[in-house]
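Results of the structural survey
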Amino acid sequence: MAGHSQFKNIMHRKGAQDAKRAKQFGKIIRELTVATRSGLPDPNSNPRLRAAIVAARDVNMPKDTIERAIKKASGGAGGDDYVEMRYEGYGPAGVAVIVEALTDNRNRTASEVRAAFSKSGGSMGETNSVSFMFRRLGVITYPASVASEDDMLEAAIEAGAENVVSTDAGHEITCEVESFFAVKDGLEARFGEAESGKLDWRPENTVTLDEEKARSLFKFLDVLEDNDDVQNVYANFDLPDDLAEKLSA
């Protein structure tokens, strides 16, 4: 999973830029809108909305911005009507890619995502053409300072987690999607608010890339990430540590 995590770290650094943050906020507001309309505007009884609020807090979205988005979405009819779409295929170097989108125009989004795959030398496939190579998991992280490796492992097992990876950088707890909130609540009752908590696609196996292939892949992934309709992008690649550090500098 190292390459997957490194990719997320690299994308996070890019996301710290003002322009990226504004786009990131826009995507989360779109998810807050869809989540609110999928159930009640109360996160305690709407798991998807609760997850969207967690994601918003992860990127430091102001509380009043979150509340305005929920209030606007719960105001009844009107506004944009978004549809969830998932696209799958292979990018440069044969890397498997999953693209999650929320769109108000299926044809436009499908065309733009397909064009991105084609221009990169890859190909977009049918639904489930690559997702079988990934697992859908809940992922919760804590700084290393909140607990020892043993204490975190014990607490995670008690909360119903599946696995814990502890390093000098922090603790990463993974669990089944159905157990996500129970595990997160159990850990937060003991250690306080998590550093992050989200649902993730994790690759079962990875493709190791050299610098040339990595740069080609990242260029393709940037095009996808820059699309306003695209919410999340996942890919099953791995990078040597020194190359990951070089590309994220």
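Residues numbered from 1 in each chain as written. Predicted model: local features only at pLDDT ≥ 70, side-chain atom pairs only at ≥ 80, totals over all residues. Heavy atoms only, no water.

- Labelled according to an unreviewed UniProt entry, the protein appears under the name Probable transcriptional regulatory protein B8X00_05445, originating from Acetobacter fabarum.
- According to UniProt, the comment filed for the protein under the heading Sequence similarities (unreviewed entry) is "Belongs to the TACO1 family."
- Listed under Subcellular location (unreviewed entry) in UniProt, the entry text for the protein is "Cytoplasm". (UniProt positions renumbered as here; feature names shortened; annotations may be inferred.)

1. A few points about the side chain of Thr33
- Note that Thr33 resides in helix H2 (residues 18-37).
- A polar side-chain atom of Thr33 sits 2.8 Å from the main-chain carbonyl oxygen of Ile29. (Helix = DSSP H or I, 4+ residues; strand = E, 2+ residues; numbered from the N terminus. Polar contact = N/O pair within 3.5 Å; in protein donor to acceptor, adjacent residues only side chain to side chain.)

2. A short note on the side chain of Arg202
- For Arg202, the location among the structural elements is in strand E7 (residues 196-203).
- Residue classification places Arg202 among the buried positions, given a relative accessible area of 5%. (Buried < 20%, exposed > 50% of the residue type's maximum accessible area, 1.4 Å probe, protein only.)

3. So, the pattern of salt bridges
- Here the structure, examined in full by the defined rule, presents 17 salt bridges.
- The shortest N-O distance in the salt bridge between Lys246 and Glu211 comes to 2.9 Å. Of this pair, Lys246 sits in helix H9 (residues 241-248) while Glu211 sits in helix H8 (residues 211-225), and the two are 35 residues apart along the sequence.
- Overall, Lys246 belongs to the partly exposed group, its relative accessible area being 47%.
- Each member of the salt-bridge network shares a partner with another, and the members are Arg30, Asp104, Arg108 and Asp229. (Salt bridge = Lys/Arg side-chain N within 4 Å of Asp/Glu carboxyl O.)

4. Quick notes on the nonpolar core
- One finds Val97, Leu217, Phe220, Leu221, Leu224, Phe237 and Leu239 to be the most contacted residues of the largest nonpolar core, which totals 25 residues.
- Of all elements in the fold, only strand E2 (96-103), helix H5 (106-119), H8, strand E9 (230-235) and H9 reach the threshold of two or more residues within this core.
- Of the residues forming this core, the biggest block, 6 residues, is contributed by H8.
- In contact with Leu217, not counting residues within four places along its chain, are Pro92, Val95, Leu209 and Phe237.
- Membership of the second largest hydrophobic core comes to 17 residues, among which are Tyr142, Met152, Leu187 and Ala194. (Core = buried A, V, L, I, M, F, W, Y, C linked by side-chain atoms within 4.5 Å. Contact = heavy atoms within 4.5 Å.)

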